[in-house]
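Here's the letter readout for the chains.
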Amino acid sequence: MSGKETPGTGTVDTATKKVFVKTYGCQMNVYDSQRMTDALAADGYCATDVIEDADLVLLNTCHIREKAAEKVYSELGRIRQLKEERAKDGRETLIGVSGCVAQAEGREILRRAPAVDLVIGPQTYHRLPAVVKRARGGEKIVETEYAIEDKFAHLPHPEGRIVRSRGVTAFLTVQEGCDKFCTFCVVPYTRGAEVSRPVSQIVAEAERLAASGVREVTLLGQNVNAWHGEGADGREWGLGELLFRLAEIPGIDRLRYTTSHPRDMDDALIAAHRDLDKLMPYLHLPVQAGSDRILKAMNRRHTAKEYLRLIERIRAARPDIAMSGDFIVGFPGETEEDFAETMRLVRAVGYAQAFSFKYSPRPGTPGADMADHVPEAVKGERLQRLQALLTEQQRDFARSLVGTEIDLLLEKPGREAGQLVGRSPWLQPVIVDDAAGRIGDIVKVRITRAGPNSLFADPVGEIGAPGCAEATKGVYV
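Rules of the game
All residue numbers refer to positions counted from 1 along the written sequence of the respective chain. Local features are withheld for residues below a pLDDT of 70 in this predicted model, meaning they are given only at 70 or higher, and side-chain atom pairs are given and counted only at 80 or more; totals for whole chains, interfaces and linings count all residues. Based on all heavy atoms of the structure, the side-chain values leave hydrogens and waters out of the count. Note on conventions: DSSP H or I runs of at least 4 residues are helices, E runs of at least 2 residues are strands, and numbering of each starts at the N terminus. Within these notes, the globule rule equals 2.2 Å times the number of residues to the 0.38 power, and the radius of gyration is based on C-alpha atoms. Exposure is judged per residue with a 1.4 Å probe applied to protein chains only, and the accessible area is read against the type maximum: over 50% gives exposed, under 20% gives buried, and values in between give partly exposed. Each accessible area value is a Shrake-Rupley result obtained with a 1.4 Å probe; residue values ignore everything except the protein chains displayed when judging cover. As used throughout, the charge tally considers Lys and Arg to be positive and Asp and Glu to be negative, leaving His and the chain termini uncounted. A charged residue contributes its charge at one atom only: NZ of Lys, CZ of Arg, CG of Asp or CD of Glu. Pairing of aromatic rings covers Phe, Tyr and Trp, the last counted by its six-membered ring, and requires centre-to-centre distances within 6.5 Å; plane angles under 30 degrees mean stacked, over 60 mean edge-to-face, and any other angle means tilted. Axes here mean lines fitted to C-alpha atoms, for a helix over just the part in contact, with angles spanning 0 to 180 degrees between N-to-C directions. For classification purposes, angles smaller than 35 degrees are called roughly parallel, those larger than 145 roughly antiparallel, those between 65 and 115 roughly perpendicular, and all remaining angles oblique. We call two residues contacting when some pair of their heavy atoms lies within 4.5 Å. Under the grouping applied here, Gly and all other residues not named as nonpolar or charged are polar, the nonpolar ones being Ala, Val, Leu, Ile, Met, Phe, Trp, Tyr, Cys and Pro and the charged ones Asp, Glu, Lys and Arg. The directions considered for the arc are those from the helix axis to the C-beta atoms. Scored between 0 and 100, pLDDT is the confidence that the predictor attaches to each residue. By nonpolar core we mean a set of buried residues, namely Ala, Val, Leu, Ile, Met, Phe, Trp, Tyr and Cys, connected to one another through side-chain atoms within 4.5 Å. By the criterion applied in these results, polar contacts are pairs of N or O atoms within 3.5 Å in which, for protein atoms, one can donate a hydrogen and the other can accept it, and in which residues neighboring in sequence qualify only through two side-chain atoms. Salt bridge, as applied in this entry: a Lys or Arg side-chain nitrogen positioned within 4 Å of an Asp or Glu carboxyl oxygen.

Attention shifts here to the overall build of the protein chain. Helix and strand counts for the protein chain stand at 15 helices and 19 strands. In terms of overall size, the protein chain behaves like a compact globule, its C-alpha atoms giving a radius of gyration of 23 Å where 477 residues would be expected to give roughly 23 Å. If you line up the protein chain on its principal axes, its C-alpha atoms span 60 × 60 × 50 Å. A total of 477 residues make up the protein chain; the buried ones form 56% of that total. Roughly 20,300 Å² of accessible area belongs to the protein chain as shown, and the carbon and sulfur atoms make up 51% of that amount. Looking at the protein chain, you have 64 positive and 68 negative side-chain charges, and the mean spots of the two groups are 2 Å apart.

Right, let's get into the packing of aromatic side chains. If you walk through the whole model with that rule in mind, you get 4 aromatic pairs. With centroids separated by 5.1 Å and ring planes inclined at 70 degrees, the aromatic side chains of F331 and Y359 adopt a geometry described as edge-to-face. Taken together, the residues F331 in the loop between β13 (322–329) and α14 (336–349) and Y359 in the loop between β14 (353–358) and α15 (376–400) connect sequence positions 28 residues apart. Like Y359, F331 is buried. Here the aromatic rings of F397 and W426 are separated by 6.1 Å at their centres, their planes lie at 80 degrees, and the arrangement is edge-to-face.

Before going further, it helps to spend a moment on the packing of α14 against α15. Two elements in contact, α14 and α15, have axes separated by 11 Å at closest approach and are oriented at 5 degrees. By the angle between their axes, α14 is roughly parallel relative to α15. On the side of α14, the interface is formed by E336, F339, M343, V346 and R347, while α15 contributes R382, R385, L386, L389, L390 and Q393. Counted by class, the contact of α14 with α15 contains 6 nonpolar, 1 polar and 4 charged residues.

This part takes up helix α5 (residues 128–136). Listing the buried residues of α5 in full gives L128, P129, V131, V132 and A135. In an axial view of α5, the angular spread of the buried residues amounts to 160 degrees, which keeps them on one side of the axis. In this structure, the buried residues of α5 make contact with α1 (27–41), β3 (56–61), β4 (94–99), β5 (118–120) and β6 (141–143). Positive backbone phi, at 100 degrees, marks G138, one or two positions downstream of α5.

On average, residues of the protein chain score 90 in pLDDT, and 92% of them are at 70 or above. Under a pLDDT of 50 for its full length, residues 1–15 has, in the predicted model, 48 contacts with residues more than four places off or in other chains. Long-range and interchain partners of residues 463–477, a stretch whose pLDDT sits below 50, account for 60 contacts in this model, where long-range means more than four residues apart.

Grouped together as the largest cluster of nonpolar side chains are 67 residues, with contacts concentrated most on L219, Y257 and Y351. Apart from residues no more than four positions distant in its own chain, Y351 is found in contact with V287, Y307, M323, S324, G325, F327, L345, V346, L390, Q393 and Q394. One finds A54, V72, L76 and I79 within the second-largest nonpolar core, a separate group that totals 25 residues.

Within the secondary structure, R315 is located in helix α13 (residues 304–317). Taking the C-alpha atoms as reference points, R315 and H273, separated by 42 residues in sequence, lie 9.3 Å from one another. Discounting residues that sit within four places of it in the chain, R315 has contacts with I321, M323, V349 and G350.

Here we take up the side chain of S291. Considering the arrangement of structural elements, one finds S291 in the loop between β12 (282–284) and α12 (292–297). With relative accessibility at 1%, the residue S291 sits in the buried group. A distance of 2.8 Å separates the side chain of S291 from the side chain of D338, its partner in a polar contact. Dropping the residues within four chain positions of it, S291 is found in contact with D338, E341 and T342.

What follows concerns helix α10 (residues 239–246). L239, G240, L242, L243 and L246 are the residues of α10 that are buried. Down the axis, α10 shows its buried residues gathered within 160 degrees of arc, on one side only. In this fold, the buried residues of α10 make contact with α9 (199–211), β10 (216–220), β11 (254–258) and α11 (267–275).

A cis amide bond links T258 to the next residue, T259, at an omega of 0 degrees. In this structure, R301 is a non-glycine residue whose phi angle is positive, near 65 degrees. Following the sequence through the fold, R301 ends up in the loop between α12 and α13. When its relative accessible area of 41% is taken as the criterion, R301 is described as partly exposed.

Now for the pattern of salt bridges. Under the definition given, this model contains 46 salt bridges. Here R111 and E108 are joined by a salt bridge, their closest N and O atoms 2.6 Å apart. Within this pair, R111 and its partner E108 are both found in helix α4 (residues 107–112), separated by 3 residues, close to a single helical turn. The exposure class of R111 is exposed, given its relative accessible area of 59%. We note a salt bridge from D338 to R293, for which the minimum N-O separation is 2.4 Å. Here the residue D338 occupies a position in helix α14, and R293 occupies one in helix α12, the gap between them amounting to 45 residues. Judged by relative accessible area, which is 5%, D338 ranks as buried. Several salt bridges converge on common partners, so that one network encompasses R35, D38, R166, R197 and E205.

Here's what the structure looks like:
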């Protein structure tokens, strides 16, 4: 549930107009939720984390997980009851559905959940203030056509205090959509074709983030390393070149990007990992399976051997890099030998972190219509074996860091008094005593212990550059 109440910037009474946003899924949805909140702020809405106080409830949805739409409809049933209770007190409540489920379901949402007032897709949320105004007038609205205009150019810029309230790290979407058409994936249908933002627009947003105290920026895209935007010199730039330009911005001390496709990992991007100190040594590079037969059925357009050779090249360029990945278990037709090949690939790579899931069909994707679907019990058993191996590798990597000294960006208070939490260069949460510095500082620490999900550390030497002591982070689900 999205996080903080902040004053609106419109001319109407913000005390009577509050928006509650519940965010599902990926980092891009977190970014989109923030930008929708920014757009509504210009119309007099302020954010609240108390749904009962909200005049507008937005569900920003994700379609990647199994039965995603059904979970949204279940949530809408609960929100409908809230809407009815508020109506008894004469308080209007608008309900909106945005994101990928909105794009996929469209008017079906209004049919199945009549209490919903507006449905808006991920390519049209820059129109949200106008859509909300129409909905307040009693109109039921579905906006899921792909926008002709550049939505990013139409979104208002958040005030510095709002950016600061979100913390010292930030997401920045540079690319949307995907042209790969993997047979298991709905993204090309819900997010559309690949679109890249121009360099000038990305740099301007990054400079605003830096001016507000952000020290680490993660570039986002459904296929982020396919980004190819127009540079200031009129040439088409690749992601490697963009990273070098962003590293020049004063105040930006760390850069990351996600999510990538092996086919788009070019020489310039690998060179950026070698030459750019601000680019963190962590790479999420999904492979999905280790069997060439299954990779072909998935339309991944690379082989297991090609993936492994790519990993070798990346590690040759940046020996301390930590690899992360995604795996789908039980894709239609997967045999025990196919699964064994996945396990062999995992052992060959040695992942510091990875995400793994049972295959579940998505309506409208080629995979849903394939024959030889794997029984659920078999998928579950294979997933347990894979996750056991991945967990072992993750713990081995964490233990290998004990005794080493690292630079730690302090991000937020810990769960217990006297603690601060930051992220290692390899993205693990690291817990340290709050005497180490302030939120926003980059401090030298020595790793003393590796827990199941976190590292523990002691400060070493002097603290880093001054940070933003008042910064806090929002919470999303």
